Amino acid sequence: MEKQNKKLLSVTVLLICLAGMAGIAVADGEKASAPQEEKETAEYEQAQPELTLWYTDDSMTGYLYDCAKKYYEESGIAVDVVLKDSLGFVESIYQTSMDDAGYPDIYMIQNDSLGKAYLYGLAAENEDADVFRADDAGNAVTASSCGGKMYAYPLTFHTPVFVYRSDVFATAPASVEQIFAMAQNDELGLIAGNLIEWNVADEFYDFPFVGESFSFDENDMGNLSVTTDEARYAEELAFFGGLTETIDLDTETMTGKQVLDDFNSGATLSAIIDSWDLGAVNGDTCQVAALPAMDDTLSMRGGSYTELLVVNAFTEKEKKAADFASYVTTEAMGDFEAQTGHIPVKGSVITDETSRIIYNAYENSVSIPNTMDVEDFLRELKNRMTAVWNGAPV
């Protein structure tokens, strides 16, 4: 028995030694990789930039910087990524391009600005369009196109999604009407606030209530052409206006932040929010779902905006710029969600179930057109829906 114990002790000591050696090897590897990474970062930052990329959303900083650094390691081409003010962004690109004074070779915009960039002559055609059509969401291709051709490289998107309290609802409610019925039947417990909220002051969040009524096209002059199902539109507006009997939302004071705060504090049991804001909700009691229907006959359909990289048609380095834009939106996309918290337009890199729900919501949404006059349509829609919410007849 004593000999066996000695053998066991010897084996144990050996295993501990081996484990310690392995730990030392891992630690040494980590120590070795850290200086190497620092060296690669220093080399990139000291390199003379051959390309410049402008963008306006700070949540993209880490991803774009990392892409630029890795691209430099692989190609030897340094790209300077520069965060800019969003105010007058396209106009600033146009002015610096016309003046030949420090303009960007690539820039990032939302698709509703692509029409303006295209008409300003700031968008070079995407020659790899077939690659994107094969793997990206259909709405991403639509949002990147003008006159039937792709002029951008789609990256990520905004679309309304439905969030609900998992400690109140066992499963996602099928409709807004069902939420009200559950409350009337005392199935939701004590309710201190609203059953559902959204930013009623912003047409992006109102649009889902009327999204099935509209279809968009671009006419020969590049202007927006809207077809409206008037009968359905009247039904949807009537339902929308009727919600004021149950829900207290102020079109003058409501904000997206207020909706998020109310949801996180329990002041509302469910909400319609931007997919980009999911990182700001309480993950412990939050579940994400597609938009519910309004009732048994009226469904919701959200709109969507797509974030795009565009190659400046004024650049003298168009081929290099296009190669980097393609790299950022194809090869590097595997790390996109982890680094930004946003969902990519590339379906093949999505593995998480919740991310797939959001991606599908984007696929099923109405891509907000990128024509220059889309703002006029959205302004008129906002005015109409605000008036209905505040008691105007349908």
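Residues numbered from 1 in each chain as written. Predicted model: local features only at pLDDT ≥ 70, side-chain atom pairs only at ≥ 80, totals over all residues. Heavy atoms only, no water.

## Re the overall build of the chain
- Helix and strand content of the chain: 14 helices and 13 strands.
- Looking at the chain residue by residue over its 394 residues, the buried ones come to 47%.
- Excluding contacts between residues fewer than 6 apart, the proportion of contacts in the chain whose partners are at least 24 apart in sequence is 78%.
- Total accessible area computed for the chain in this model is approximately 19,100 Å², and 49% of it derives from carbon and sulfur atoms.
- Taken as two groups, the 23 positive and 68 negative side-chain charges of the chain have centres that lie 11 Å from each other. (Helix = DSSP H or I, 4+ residues; strand = E, 2+ residues; numbered from the N terminus. Buried < 20%, exposed > 50% of the residue type's maximum accessible area, 1.4 Å probe, protein only. Contact = heavy atoms within 4.5 Å. Areas by Shrake-Rupley, 256 points an atom, 1.4 Å probe, with all protein chains shown as cover. Lys, Arg positive; Asp, Glu negative; His and termini not counted. Charge placed at Lys NZ, Arg CZ, Asp CG, Glu CD.)

## Considering unusual backbone geometry
- The backbone of Asp100 sits at a positive phi, close to 55 degrees, despite the residue not being glycine.
- With respect to the helices and strands, Asp100 occurs in the loop between helix H3 (89-99) and strand E3 (106-110).

## A look at the sheet that holds strand E10 (residues 270-274)
- Pairing is antiparallel across the open sheet formed by 3 strands, whose spatial order is E10-E7-E11. Either end of the sheet is taken by a strand with one partner, and the two such strands are E10 and strand E11 (286-289). The sheet shows a mean angle of 35 degrees between the axes of neighbouring strands, taken without regard to direction.
- Two elements, strand E7 (residues 160-165) and E10, share 5 bridges in a ladder whose sense is antiparallel. Directly across from Val163, in E10, lies its bridge partner Ala271.
- The strands touched by helix H10 (residues 256-265) within the sheet are E7, E10 and E11, with E10 carrying the most contacts at an inclination of about 140 degrees. (Pairing = 2+ DSSP bridges. Axes fitted to C-alpha atoms, helices over the stretch in contact; angles between N-to-C directions.)

## Things to note about the pattern of salt bridges
- For the coordinates displayed, the defined rule picks out 11 salt bridges.
- The shortest N-O distance in the salt bridge between Asp136 and Lys346 comes to 2.7 Å. Note that Asp136 is positioned in the loop between helix H5 (129-135) and helix H6 (138-143) and Lys346 in the loop between helix H12 (336-340) and helix H13 (353-363), a separation of 210 residues in sequence. The pair Asp136 / Lys346 is uniform in exposure class, with both members buried.
- The network of salt bridges with common partners includes Asp66, Lys70 and Asp335. (Salt bridge = Lys/Arg side-chain N within 4 Å of Asp/Glu carboxyl O.)

## Concerning H13
- Within the span of H13, buried status applies to Ser355, Ile358, Tyr359, Ala361 and Tyr362. Viewed along the axis of H13, the buried residues span an arc of 155 degrees, placing them on a single side of the element.
- For H13, the side-chain oxygen to backbone nitrogen distance between the N-cap and Thr354 is 3.0 Å, and the N-cap itself is Asp352. (Arc of directions from axis to C-beta. Polar contact = N/O pair within 3.5 Å; in protein donor to acceptor, adjacent residues only side chain to side chain.)

## Topic: the side chain of Thr156
- Here Thr156 is to be found in strand E6 (residues 153-158).
- Engagement of the side chain of Thr156 in a polar contact is seen with the backbone oxygen of Ile343, the distance being 2.6 Å.
- When residues no more than four places from it in sequence are discounted, the contact partners of Thr156 are Trp276, Tyr305, Thr306, Glu307, Phe336, His342, Ile343, Pro344 and Val345.

## Details of the packing of aromatic side chains
- One pass over the structure, following the stated rule, counts 25 aromatic pairs.
- An aromatic cluster is built from Phe207, Phe214, Phe216, Tyr233 and Phe377, whose rings are joined through pairwise contacts.
- Sitting above the plane of the Trp54 ring, Lys84 keeps its charged end 4.4 Å from the centroid. (Phe/Tyr/Trp six-rings, centres within 6.5 Å; stacked < 30°, edge-to-face > 60°. Lys NZ or Arg CZ within 6 Å of the ring centre and 35° of its normal.)

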